[in-house]
Structure formats: C-alpha cells, structure tokens
Amino acid sequence: TVVRGSNIEGHTEEDYLRGYAYQVFTDRIVGTSDYQFSKSERFNEPDVDQADLHKLSHTLLYFDPSGWFLFGNGTWRQQKRENNVFTDDGVDDFWLFNAGIGYRIPERHGRVVLQVDNLLDQDFSYDQTFGVEDPVYPGVTVGLVASFNF
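Described in the following lines is the structure provided in the data block. (Residues numbered from 1 in each chain as written. Predicted model: local features only at pLDDT ≥ 70, side-chain atom pairs only at ≥ 80, totals over all residues. Heavy atoms only, no water.)

**Overview of the environment of leucine 56**
- Within the element layout of this structure, leucine 56 appears in strand β4 (residues 47-63).
- Judged by its relative accessible area of 28%, leucine 56 falls in the partly exposed class.
- Residues leucine 56 and threonine 75, spaced 19 residues apart in sequence, show a C-alpha to C-alpha distance of 5.6 Å.
- In contact with leucine 56, not counting residues within four places along its chain, are Asp34, Tyr35, Gly74, Thr75 and Trp76. (Helix = DSSP H or I, 4+ residues; strand = E, 2+ residues; numbered from the N terminus. Buried < 20%, exposed > 50% of the residue type's maximum accessible area, 1.4 Å probe, protein only. Contact = heavy atoms within 4.5 Å.)

**A word on the pattern of salt bridges**
- Applying the stated criterion to the full structure yields 2 salt bridges.
- Between arginine 18 and aspartate 34 there is a salt bridge, and its shortest N-O distance comes to 2.8 Å. Of this pair, arginine 18 sits in strand β2 (residues 12-24) while aspartate 34 sits in strand β3 (residues 29-44), and the two are 16 residues apart along the sequence.
- A relative accessible area of 29% places arginine 18 in the partly exposed class.
- Ionic pairing is found between arginine 28 and aspartate 64, a salt bridge with its closest N-O pair at 3.7 Å. Remark: aspartate 64 occurs in the loop between β4 and β5 (68-82) and arginine 28 occurs in the loop between β2 and β3; sequence separation between them is 36 residues.
- Given a relative accessible area of 32%, arginine 28 falls into the partly exposed group.
- Classification of aspartate 64 by relative accessible area gives partly exposed; the value is 26%. (Salt bridge = Lys/Arg side-chain N within 4 Å of Asp/Glu carboxyl O.)

Take a look at the structure:
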C-alpha cells in the first residue's frame, strides 16, 4: 500500500508505505510480518516539523478449536524527528513486546481479549501527534476489550 496525502490548506503532507506477509503454519498457528514507513511534514512558519517512522512487526498466533487463542508480538519502531514542537529532535528506536489471550464467542458473535503491552517496560520518546498509527505508551499497559456481533 502506498499513499500520499495532504490536509486542508496544505499544512501537512504525509507519505505512507506498507507491506505485509501472512503465513498459515498449521491449522492452529499463524504468523504475520508487517513493515510500515511514514514521512509526515507539518508546515509551521518558519520551520517544517518532520518525522520519519519505520515500524517492523512480527506476530505469532495460536487458535484452539475451543475458541481460545493466544498471541505474541514484537514491534521495532524508529522515529527521526526534526523541528518537532512536541518532542525533542533526534532519532529514537526501540522494541515493544506484547502478549495476550482471548476467547472467540461461538458462531463469531464476538470476542473477549486480555492484552499486555510493553511487557519489558521499555521507556521511549515518540511523537504520536501525526496520527498515523494507534497510540503506544511507555510503561506496561493492560487492556481488556470485548466486542459483540449481532
């Protein structure tokens, strides 16, 4: 996927590139690899606020016929910032590891997932104001999500 866009009045420009591969190893185990690059520029007179982001993610999932599933994920991020108004300029790169367990409600009527993000309590400096991905937080984060389909 390649996307190039700009917002109203040309105050922001973004380039976005994404590639992915999914592999079914067995009838219960699936692996994924995703790569994403984004370049965002905000035009704030007199400087241009710029951030380049590389993100590489690998995920392994196990699905049990009873409806239970497990997953683990490792994601490397590298962000280069120049003239940034929210975070110090520079380059920051780090790995985040996440894991979770879930249950798929029969007949695909929903699911419940307990996920632990940033298992190793990685500290990082990361500008997320460009809005090109879901937020990530320093420190260990635990989330419980339930979704239901009718």
